[in-house]
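Given next are the chains, with one letter for each unit.
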Amino acid sequence: MTLVFSKVLSIFLIIGVGFLANRRGILPESSNQFLVDLLILITSPCMILTSIAGKELTADTLLLTVQAFACAVLYFLLLSLAGYTLFGKILRFSPHDDIPVYVMIFASMNCGFMGFPLTLSLFGDDILYIMVIINIAHTFYLYPFGELQLKLYCGDSSDSDDRSERSARSRHLRSLRNAASAAANPCTLAAVAGLILLIAGIHLPEFLFSSMEMIGDATVPLSMLLVGMQLGNSNFRRLFQNRRLLLTAGLRMFALPVIMFLIVNPLPLATDLKVALIFASCFASGVGIVPVISMEHKNALLASEGVALTTLFSMVVIPLSSMFLMSHYGLA
């Protein structure tokens, strides 16, 4: 347990360095996009590709892949239904148009930007592989399901009488382009390429694999620095003034992981899959919900604040959950 604690502590010390570097002006907000591009376009794809391509395809791996994807799809569907029931029917959040935004804060997860490096550092390649499969399902949750639920629940403002039919078609085309862009991002492409290599039994040349693996190793410290920077840019006073957002984020980060453990733990699934599903529920809300909500002209500011607040709460949840999972499943 001491080794587990030191692992978790070292990761969150890097987040603290990013936070202080932002507040001191060493890593100002203007540097955020450059580091995000480095993470998303270079280091993360290398990490994903090498973690998948370095595996050997077996019947167990194939079964695990199918189960992981099916469980992830079910996860997002059930959480969305639960969110609409809770926020729309029971708690009756207002304004009405913000309810699907709260639902997406509740149901989405940051399994890519934050989840991949944390999973690799704490649990290793095998569980990272499952997290990559979960992230593929999450992409489908955002596009097109996320857009669809915004339209169905709130109504599509682009189809109102004062908008032309050409404008409506233009919005739908834009939606398709965004969906294609999300599906074609380097991390997703790296996951697909890795799966193709795995299924085909093709191994990368050692010099190429080693080079990509070294680049991928930079993902963990880089991503944690970025999390710290983003927290440094957050207006904490504003975040804690929205009681509905506080309740949503609290349920998402503190209640959901417990519920997931109670549901998943007794199921006849592989231990690695159980750990991945439970640990995924401990991540903050996905940053990808912000552009989706913004494109539909909904409350993108609320979505951004939800991501920031759940990220802040994850600083408590992730260390505790990772130590518990390692101890409970004998992974330490």
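Residues numbered from 1 in each chain as written. Predicted model: local features only at pLDDT ≥ 70, side-chain atom pairs only at ≥ 80, totals over all residues. Heavy atoms only, no water.

### A short note on the overall build of the protein chain
We count it as follows: By definition, any uninterrupted DSSP run of H or I lasting at least four residues is a helix, any uninterrupted run of E lasting at least two residues is a strand, and each is numbered from the N terminus. Think of it in three bands: with a 1.4 Å probe and only protein chains considered, a residue is buried below 20% of the maximum accessible area for its type, exposed above 50%, and partly exposed in between. By definition, residues are in contact when any of their heavy atoms lie within 4.5 Å. Only the protein chains shown count as covering a residue, and every accessible area follows the Shrake-Rupley method with a 1.4 Å probe.
Helix and strand counts for the protein chain stand at 15 helices and 0 strands. Within the span of the protein chain, comprising 332 residues, buried residues form 51% of the whole. Within the protein chain, contacts between residues separated by at least 24 positions form 84% of all contacts whose residues are at least 6 apart in sequence. About 15300 Å² of surface is accessible on the protein chain, with carbon and sulfur atoms providing 67% of the total.

### Digging into the layout of surface pockets
Operational definition: Method remark: on a 1 Å grid restricted to protein atoms, a set of points is classed as a cavity if a 1.4 Å probe fits but cannot get out and as a pocket if it is open with protein on both sides within 12 Å along at least five of seven lines; lining residues have an atom within 4 Å of a point. Grid points are joined across faces, edges and corners, and a volume is the space filled by probe spheres set on the points. In this classification, Asp, Glu, Lys and Arg are treated as charged, Ala, Val, Leu, Ile, Met, Phe, Trp, Tyr, Cys and Pro as nonpolar, and every other residue, Gly included, as polar.
Roughly 1200 Å³ of volume is contained in the largest pocket. Element by element, the count of residues in the lining of the largest pocket is highest for helix α15 (residues 300-328), at 6 residues. Estimates place the volume of the second largest pocket at around 410 Å³. Sorting the residues of the lining of the second largest pocket by element identifies α3 (59-90) and α12 (243-264) as the ones contributing at least two each. Considered class by class, the residues forming the lining of the second largest pocket number 18 nonpolar, no polar and no charged.

### Here we look at unusual backbone geometry
Of the consecutive residues S94 and P95, the connecting peptide bond is found in the cis state with omega at -5°. Mapped onto the elements of the fold, P95 is located in the loop between α3 and α4 (99-107). With a phi angle near 50°, R92 is a residue other than glycine that sits in the positive phi range.

### Section: helix α8 (residues 186-200)
Our working definition: Take the number of residues in a helix, subtract one, and multiply by 1.5 Å to get its expected span.
Over its 15 residues, α8 runs 21 Å from end to end, which matches the ideal 21 Å to within 8%, given 1.5 Å per residue. For α8, the set of buried residues is C187, T188, A190, A191, G194, L195, L197 and L198. At the C-terminal side of α8, G201 shows a positive phi close to 70°.

### Notes on the side chain of T248
Secondary-structure assignment places T248 in helix α12. Its relative accessible area of 0% is what places T248 among the buried residues. Discounting chain neighbours no more than four positions away, the residues touching T248 are F87, F93, Y102, I105 and F106.

### Observations concerning the packing of aromatic side chains
In plain terms, the rule: Planes of paired rings set the category: under 30 degrees apart is stacked, over 60 is edge-to-face and the rest tilted, where pairs are Phe, Tyr or Trp rings (Trp by its six-membered ring) whose centres lie within 6.5 Å.
Applying the stated criterion across every chain, the model contains 12 aromatic pairs. Aromatic pair Y75 and F76: ring centres 5.2 Å apart, planes at 90°, arrangement edge-to-face. Grouping residues by exposure puts Y75 and F76 together as buried. Ring centres of F87 and F106 lie 5.6 Å apart, and the angle between their planes is 90°; this geometry places the pair in the edge-to-face category.

### Concerning empty space enclosed by the protein
Over the atoms, a rolling probe the size of a water molecule traces out where space has been left empty. Considering all chains together, one arrives at 2 cavities of 30 Å³ or more under this definition. Taken as a whole, the second largest cavity spans an internal volume of roughly 30 Å³. Of all the secondary structure elements, the ones that give two or more residues to the lining of the second largest cavity are α6 (125-154) and α8.

### Some remarks on the nonpolar core
Cut-off, in case you're wondering: Among the buried residues, those of types Ala, Val, Leu, Ile, Met, Phe, Trp, Tyr and Cys that are joined through side-chain atoms within 4.5 Å form a nonpolar core.
In terms of nonpolar packing, the biggest core is built from 102 residues, with I48, M131, I134 and I289 touching the most fellow members. Ignoring sequence-local partners within four residues, the contact set of I289 consists of M104, I105, S108, L142, A303 and V307.

### Describing the confidence of the model for the protein chain
How we decide: Scored from 0 to 100, pLDDT reflects the predictor's confidence in each residue.
Residues of the protein chain with pLDDT of at least 70 account for 88%, and the chain-wide mean is 85. Every residue in residues 156-164 is under pLDDT 50, and counting partners more than four places away or in other chains gives 9 contacts.

### Quick notes on the environment of F116
Its location among the elements puts F116 in helix α5 (residues 115-123). Sequence spacing of F116 and L128 is 12 residues, and the spatial spacing of their C-alpha atoms is 6.3 Å. Excluding its chain neighbours within four sequence positions, the residues that come into contact with F116 are M47, I48, C111, L128, M131, V132 and N135.

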